[in-house]
Amino acid sequence: DGEPLSNNRAPAEDLAPWIARVYATQVEMSPKDTLVDGLLSDTPVLRVIFSGKWTAETRDGHGRYGPSALFFGAQTKRMPVTVKGSFASVGVALKPGAVSVLKGPNVADTLDRIILYDHIYGHKEWGSSAQMIQWFDPAGPAERWLKVAESLFRDLVALTGGKQPDPLIEAFDKAAFEDPNFAIAEFAE
């Protein structure tokens, strides 16, 4: 119907220190169809999967995922994924340094892994994976999902103390993208 498969945008201005992008994806497929694809993200992503039967080849082995809230660590190589049937998800791509100030896991321990949200942030005050799905209302429009994600992220920032990532970390990340062979000594100066 001319609608995009994925709505991607910059976060609300007040969340820009922690979030690179927010996105919502909804794809209609036959229950028998399977999408075979892969993920390659250089930054951790918090994702809420509303529908679809997902699999992924992670550092921990072959994983199966249904509706849930998940923490996807950055990938050091393409992560093979499949999704059977229609699927929908919302994601929050984090900026360099965000996981640390948000009191998340050691980033090196999350590379090429998918971790259940409840094992990192789930608790009564902020909600469990199951509660996340209810708060988003999977039947609602994608832009609403993005607003809910931003609202919940504001709560996470407040619950973890509100500290922003060190701007030096983001500057280093940008310098590495501009010139992967840059001299670290020059950057330090």
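All values reported here derive from a predicted model rather than from experimental measurement. (Residues numbered from 1 in each chain as written. Predicted model: local features only at pLDDT ≥ 70, side-chain atom pairs only at ≥ 80, totals over all residues. Heavy atoms only, no water.)

Asker: For this particular structure, what's the right way to read the overall build of the protein chain?
Answerer: When its secondary structure is counted, the protein chain shows six helices and eight strands. Moving toward the C terminus, one meets the helices and strands of the protein chain in the order β-β-β-β-β-β-β-α-α-β-α-α-α-α. For the protein chain, the C-alpha radius of gyration of 17 Å lies close to 16 Å, the compact-globule estimate for 189 residues. Seen along its three principal axes, the alpha-carbon backbone of the protein chain occupies a region of about 55 × 35 × 35 Å. Of all intrachain contacts in the protein chain linking residues separated by at least 6 positions in sequence, the fraction that spans at least 24 positions is 72%. (Helix = DSSP H or I, 4+ residues; strand = E, 2+ residues; numbered from the N terminus. Rg over C-alpha atoms; globule rule 2.2 N^0.38 Å. Contact = heavy atoms within 4.5 Å.)

Asker: It is not clear to me how the side chain of Arg47 should be interpreted in this structure. Could you clarify?
Answerer: Relative to the elements of secondary structure, Arg47 occurs in strand β4 (residues 45–58). Buried within the structure, Arg47 lacks any salt-bridge partner; its nearest side chain of opposite charge belongs to Asp42, at an N-O separation of 9.9 Å. Only 2.5 Å separates the side chain of Arg47 from the side chain of Tyr23, close enough to count as a polar contact. Beyond its immediate chain neighbours, meaning those up to four positions away, Arg47 contacts Tyr23, Leu39, Ser68, Ala69, Leu70, Phe72, Val90 and Gly91. (Buried < 20%, exposed > 50% of the residue type's maximum accessible area, 1.4 Å probe, protein only. Lys, Arg positive; Asp, Glu negative; His and termini not counted. Salt bridge = Lys/Arg side-chain N within 4 Å of Asp/Glu carboxyl O. Polar contact = N/O pair within 3.5 Å; in protein donor to acceptor, adjacent residues only side chain to side chain.)

Asker: Where do I start with helix α5 (residues 167–178) in this structure?
Answerer: Side chains of residues three or four places apart in an α-helix project in the same direction, reflecting 3.6 residues per turn. The end-to-end C-alpha distance of α5 is 17 Å, a good match for the 16 Å that 12 residues give at a rise of 1.5 Å each. N-cap assignment for α5: the residue whose side-chain oxygen lies 2.8 Å from the backbone N of Leu168 is Asp166. (Expected span 1.5 Å × (residues − 1).)

Asker: What should I look at first to understand the packing of aromatic side chains in this one?
Answerer: The description of an aromatic ring pair rests on the distance of the ring centres and on the angle between the ring planes. For the structure shown, the criterion picks out seven aromatic pairs. Arranged with centres 5.6 Å apart and planes meeting at 55 degrees, the rings of Phe50 and Phe136 form a pair that is tilted. In this pair, Phe50 is assigned in strand β4 and Phe136 in helix α3 (residues 129–136), connecting sequence segments 86 residues apart. For Phe136, a relative accessible area of 2% translates into the label buried. Taking the centre distance of 6.0 Å and the plane angle of 75 degrees together, the rings of Phe182 and Phe187 count as edge-to-face. An aromatic cluster of at least three residues, connected via ring pairs, comprises Phe50, Phe136 and Trp145. (Phe/Tyr/Trp six-rings, centres within 6.5 Å; stacked < 30°, edge-to-face > 60°.)

Asker: How should I be thinking about the environment of Phe136 in this particular structure?
Answerer: Between the C-alpha atom of Phe136 and that of Lys147, which follows or precedes it by 11 residues, the distance is 9.2 Å. Here Phe136 is in contact with Val48, Phe50, Val90, Arg144, Trp145, Val148, Ala149 and Leu152, once residues within four sequence places are set aside.

Asker: Please explain unusual backbone geometry as it appears in this structure.
Answerer: Phi is positive for Lys103, close to 60 degrees, though the residue is something other than glycine. Structurally, Lys103 is set in the loop between α1 (98–101) and α2 (107–110). The exposure class of Lys103 is exposed, given its relative accessible area of 58%. Its identity as a non-glycine residue notwithstanding, Asp112 has a phi of 60 degrees, on the positive side. Summarising the element assignment, Asp112 is placed in the loop between α2 and β8 (114–116).

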